[in-house]
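Listed here are the chains, written in short residue letters.
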Amino acid sequence: MILARRADAAMDLPMTQAALPKPRQSLRQQEARDAFLMLLPGLLIIFVITLIPVLYTFILSFTDTPLSNPRPQNFTGLQNYLAFLKQPLFWQTIWRTFYFTVVSVGIELVLGLAIATLLHSRPPGWKFLRTSLIIPWAVPTIVNGALWRWIYNADYGALNGLLLSLGIITKYQPWLTQPDLAMNLVIVADVWHSMPFIVLILSAALATIPTDLEEAAQVDGATAWQRFWLIRMPLLKPAILVALVIRTVEAFRVFDIIYVITQGGPAFRTVTISYLTYLESFSYGKLGSGSALSFLISIFTLAMALVYIRLLYRPEGRQ
Amino acid sequence: MKTTRKIFGLSIKMFLMLVILIFIYAPLSWLFLSSISTRAELLATPPRWIPEHPTLQNYRDILVPGTAVSEVARTFKNTLLNSFIVASTTTVICLLVGSLAAYALARLRMRYRNHIFLGILSVRMIPEISLVIPLYIAAAFLGWRDRPIILIVTYLSFALPFAIWMLTTFFETVPIELEDAALIDGSSRLGTLFRVVLPVASPGLVSTALFTFLLAWDEFFFALLFTSTIQAKTVPVAIAEFTGRYAVDITAMMTGGILAALPPVILALIFQRYIVSGLSAGAVKG
Amino acid sequence: MFHKSRPVFILVLVALLFSLVGCGAQPQADTGPKVVKVLTMQQAGPTPEEMNAIVAKFNEGNPNVKVEIEYVSYDALHDKIATAMATTPPSYDVVLVDDIWYAEFAKAGYLWDVTSKIDAATKEKVFAAAWDITTVNGVTYGMPWLLDAKYFYYNEKLLAEAGFNAPPKTWEELVAMSKVIKEKGIVEYPIVWSWGQAEAAICDFVALLFGNGGTLVDAEGKPAFNNEKGVQVVQWMLDTIDAGISNPASVSYVEEDVRNVFSQGKAVFAVNWLYMYELANLNKDESQITGQVKFGLMPAFEGSGVESATINGSMGFSVVDKSPNREQAWEFVKFLTSEAIQKEYSAHLLPIWSSNYEGEALNELMALNEATPVTVPAFKAQFPFSHVRPKVPYYPEASKALQLALQEALTKVKTPKQALDDAAAKWNELQGK
C-alpha cells in the first residue's frame, strides 16, 4: 500500500538517503525535473478547479456573504464557526452523521468481509454471486434513493407488502415517520448500494493471500477461527483500511441519498452535516455560514482520514 | 462423519448465498416490475407482485417517443448521450493526466513527494458543496454554463485525485526491473511509461477507468446546478425531473432508473475480470 | 501542507482569485436580436409545444427578440435562480418564482420593480389574491401566473356507503363522519394529508390554522402561530392521528403520496392541489376511483367564525433586475400572462384574469376539456378563501423551523405547545437579525 510506503519513507528519510548509493547529481536533478513535468498537468488542474474555489470558500466562511451576491463581504471573523459550535442542532447533526458513517460503514465491512470470505471458498455458483454484486454498485445513487423511498412507502411499498404476506406484521406500517427508525432505513439503502464495493476490494485482497500459509497452519492444528484471525485478518488489514478510508470519507459527506429518501425528515432526524450545509447555503441563502460548515466537514473528514493513515503507518500493521 | 460435516457446511454456504442473492435481487426486481406496471396496478394493495397487464409503454415513451409524451421522456436519450460523453471524456482525461502524475509519484525520486501525494488524497475529501459557487461564477464568466465541458472540468475535481491515487498503487506493483531494462536501452521516460508500464498495469488501468466512469456517471449535484437543457443535462438530473412540482411519474422514473443503470452495469459486467485482477494487483496490496 | 513559505505563490493565487471574482460585465454585443432567456418549470402549465406556439406568436409582434426557454424541475428551480444571480449578466432574464421566494429574492435585489409598469386596468382585472403573490411590501415584482390553492377532495361513492350525501362543512363534522366510516370498515384511515418534512406540511397547517381563526404572524409581523389557536390545531392533528382518522403515514407524506393513497380508494377525504383532480377522477391508468372524485369547500373549525380557509400556493413570472434586456423581457412576461393568451392556452393553466371567469368567457373556459367543468367552478369558489404565507426574506429558514416543530409535535418528541414555542422563538431570532 502506497500510503504506508510513502510514510515510512518520510519517517526514515535521512536514513534512506544515507543508505542509498549516491547517484550522480545530474541524474538526480533530471529525475526531479521529469517528475515535476509529469506531475504538472495533474497538479495544475487540481489547483485551478479545487484549490482556488476552496480558498474562495474559505474566505467566504469568515463573512456573512449572502448567496445573492457571492463576493466576499462583511467580514465577521470566526463568528460563523463559533455560532455553529454553540448550537445544539450542529452537535446533534455531527453526532447523527457519525452514527450514519459508523453504522453503515461498519455493516458494510462486516457483511463485505463475510461475503468475500464466502466467495473465496468457491461454493458452487460463486461467479454468479460475484457478478450479481456488481449490479447494485453500478446503479446510480439517485435511482437507488428513489427505489428505496418507494420500497419503504407506507401505503403501497414493497416492504410492507412483503412483511404482511410473510405474516411478520399485521397491518401496513409508516416506516419513515418513526424518528428512531428513519436513519436506519437510509442506512439499509446505503448498504445495498455500497457493500458490493467492499466485497470487490476484499475479494481482490483475499486472492493475493498465499494459500500455503493457511494450509500449513491447518496442518499444525489451528482451528478455522484461529486461521481467520491470526493469518487472514492481518494480511487483509491494508485492504480493509483502503476500503474504510474510501467509504468513511464518502459516508461522512452523504447527501444525495438523504435528499431523495427523507429530505431530512422526520423532525430533522436524518439531517446530516452535508444536508445542513445545503440548507444553509442554498435554501437559506447564507453562503457565509454554509461555507463555514463545509469547512468543518472537510476538517472532520481529513481528521478521520489521517487516523486511518496513521493506522497504516504503524509498523506492526505491516507484514 | 467428515462428509456429513462437509454437506452441512456446504448447505450453510448455499443458504447464505441465497439470502444474499435475495437481498440483491429483491429491490432490483421491484425496480423492474415498477417500470412495466401502470400506476394503478403498482399502487394496488395487497401488492400484485407480477403485474396482470405488463406494459412496455414506459420504455417505448423513452426509446421511440410519440407526440403525447412528456418532455423529460422525450429528451431522455439525449441526456443518456450527454452522460456518456461527459463520463467517458472525464475518464480519458483522468487516465492520461493521472498516469503521468501517478508514474512520477510511484517511481521518481523528488522532494515533497509524500506531501504531494497526501495533498492530492485530501483534495478528494473536500465536499462538492464548497466548490460549487466559485465554480459557477467561473463557468458563467467563461460562457461554459450548460455545456458538457463544464461538467467534464468540474468532475475532474473529484475524479482526478481518485484516479491518481489508484494508478499510483498499480504502478508501484510493476516490477522495476522491466523499466530499468527499457531505460538502459535508451527509452525515454514517457516511452517507458507508455510502452512498458501501462501495458503491464492494464488491468489496473481498466479498473481505474471503470471506477472513474462510475463516479462521473453518478454525479448529481454539479449537473443539477450547471446544466438545464438537453445540450448538457445528464441522466441523474433527467431522472430527478420525473418529479414535477407535485406529481411524480413513478413508473417513468423507475424506467429511467433502469435505463440509467444499464450502461454502467454492462460496462462493469464486461470488465469485471479486470476489476478483481486489477484490484488484487494494486490498490489492496500491503 | 503544500508550499510553506512561498509568498510568491500566495500572491499568484490571490491574483488568480481576484481575476475570477472581479470579472465584471462582459461587453454585450448590441447588434442582432435581443435574447430573452426564460427559466421555467417542467410539468406546469402549458406544454413545451404550447409555450413554443406562444413564443412564435410573440415574435410576430416582436421580431427582434429571441426567446429561449429552459425547463427545470420544481425542486431545482430555487437553487438555480439563486446561483444564476451570482453572475453578471445573469444566466436568465425571466424567471418563474414561487410565492414563498418573492420576499427573499426581492430583498436580495434579484427582481425588477415593475410596480409603475402595471396599468390600472390590469391591476383591477387580475384577481386581488393573485397580486398578493408577486407583491412584497407594496412593490410589485412581476405577473402572477400559476394560480393554485389546496382543495378539499372527497370520494363521493365511499362517503355515500357510509351514509352521507354531502361533504363535511367543518372539521368537527369530518371527525364525526370519519368515525362512522371507520366503524363501517369502509377504509382504515378516512383522511390523508401531506405532513411530511416539507413545505407541503406548512400548506396544510396554514389551511387548518386560518380555518381556526388563527394566523401565522400578527399585524406587526411577529409569529402568532404558537398562540392558543395554533396549539389547538396541532393538538387536533395529533388527536386525529391517534384516533386513526388521519392516515399516520401522513407525517412522511408529500402531495404525491396523498394522491396515491386517495387514488387507490384508501381514503375518503384528501387535501391537495388542483392537479389531483384530473389524474384521480379522469385517468384510468393513474387511478382506481375514476368518476368518484368531488370537491367540497375546505372545511373550517366550529366557532371560529370562518367559513373556509386554504393556502394560496401560486407562482409568478418576474424580470431579473440585472438583465441587460429588461424591457424586452417584461414585454414577453406581459404577453405570456395577457388576457388573450391566457384564454387561448387555458387547457393546462387557469387564467389570472377574473374577467375570464365571467359570462361567455366562463362558458368557454368550462368547455375546454373534461376537467374544466368541475375545476373552474371549484377554483372560483375556493380561491377567494386562500391565504398567502408571510412575505419575509428569511422565509425558507423560518419555514424549516416550523416544519421541524410540526414534525416534533406529530412524532411526539415535544408537546404541541413546546414545539410551536420553539419555532416562534426561531422566527423572532430570524426577524431580529
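Residues numbered from 1 in each chain as written. Chains lettered and ligands numbered in written order. Predicted model: local features only at pLDDT ≥ 70, side-chain atom pairs only at ≥ 80, totals over all residues. Heavy atoms only, no water.

Enquirer: How do you make sense of the pairing of strand S2 (residues 65-72) of chain C when you look at a structure like this?
Expert: Residues in a regular strand point their side chains to alternate faces of the sheet. Residue and element names in this part refer to chain C. With respect to burial, S2 is a largely interior element, six of its eight residues being buried. Inspection of the sheet shows strand S1 (residues 34-41) paired to S2 by eight bridges, in the parallel sense. The partner of Val35 across the bridge, within S2, is Lys66. (Buried < 20%, exposed > 50% of the residue type's maximum accessible area, 1.4 Å probe, protein only. Helix = DSSP H or I, 4+ residues; strand = E, 2+ residues; numbered from the N terminus. Pairing = 2+ DSSP bridges.)

Enquirer: Quick question: what am I supposed to make of unusual backbone geometry here?
Expert: For residues that are not glycine, phi is negative in most cases, and the peptide bond is trans in most cases. All names here are of chain A. One non-glycine residue, Asn74, adopts positive backbone phi at about 55 degrees. Summarising the element assignment, Asn74 is placed in the loop between helix H3 (25-60) and helix H4 (79-86). On the basis of relative accessible area, Asn74 is assigned to the partly exposed category, the value being 48%. Unlike most non-glycine residues, Phe268 shows phi in positive territory, near 65 degrees. In this fold, Phe268 is placed in the loop between helix H12 (256-261) and helix H13 (273-283).

Enquirer: Explanation requested: the packing of aromatic side chains in the structure shown.
Expert: When we look at a pair of aromatic rings, we describe it by the centre distance and by the angle of the planes. Inspection of every chain in the model, using the stated rule, returns 62 aromatic pairs over all chains. Ring plane angle 50 degrees and centroid distance 5.4 Å describe the contact between Trp150(A) and Tyr156(A), whose orientation is recorded as tilted. On the basis of relative accessibility, which here comes to 5%, the residue Trp150(A) falls in the buried class. According to the relative accessible area criterion, Tyr156(A) is buried, its value standing at 2%. Judged by centre distance (4.8 Å) and plane angle (25 degrees), the rings of Trp193(C) and Trp195(C) are stacked. Three or more aromatic residues joined by ring pairs make a cluster, and in this case those are Phe255(A), Tyr259(A), Tyr275(A), Tyr278(A), Phe282(A), Phe220(B) and Phe221(B). Against the face of Trp126(A) rests Arg122(A), its NZ or CZ located 3.8 Å from the ring centre. (Phe/Tyr/Trp six-rings, centres within 6.5 Å; stacked < 30°, edge-to-face > 60°. Lys NZ or Arg CZ within 6 Å of the ring centre and 35° of its normal.)

Enquirer: What's the story with the sheet that holds strand S8 (residues 191-192) of chain C in this structure? I'm lost.
Expert: Across a sheet, paired strands are connected by hydrogen bonds in the backbone, their directions being either parallel or antiparallel. Residue and element names in this part refer to chain C. Spatially, S8-S9-S7-S10 is the arrangement adopted by the four strands of the open sheet, whose pairing is mixed. Every interior strand has two partners, whereas the edge strands, S8 and strand S10 (293-296), have only one. Note: strand S7 (residues 151-155) against S10, four bridges, orientation antiparallel. Bridging from a neighbouring strand, Asn155 pairs with Val293 of S10. Along the sheet face, helix H11 (residues 255-263) touches S7, S8, strand S9 (269-272) and S10 and points at about 150 degrees away from the line of S9. (Contact = heavy atoms within 4.5 Å. Axes fitted to C-alpha atoms, helices over the stretch in contact; angles between N-to-C directions.)

Enquirer: Quick question: what am I supposed to make of helix H6 (residues 113-123) of chain B here?
Expert: Every α-helix carries 3.6 residues per turn, so stepping three or four residues along brings you back to the same face. For H6(B), the buried fraction is high: 10 of the 11 residues fall into the buried class. Within H6(B), burial applies to Arg113(B), Asn114(B), Ile116(B), Phe117(B), Leu118(B), Gly119(B), Ile120(B), Leu121(B), Ser122(B) and Val123(B).

Enquirer: Honestly, the interface of chain A and chain B in this entry has me stumped. Any pointers?
Expert: Bring the parts together and some accessible area is lost; that lost area is often taken as the interface size. Taken together, the contact between chain A and chain B spans 100 residues of the former and 97 residues of the latter. A buried area of about 8700 Å², summed over both sides, lies between chain A and chain B, and 78% of it is on carbon and sulfur atoms. Taken together, the connections running from chain A to chain B amount to zero salt bridges. The biggest single contributor to the side of chain A that touches chain B is H3(A), with 19 residues. (Buried area = accessible area lost by both parts, 1.4 Å probe. Salt bridge = Lys/Arg side-chain N within 4 Å of Asp/Glu carboxyl O.)

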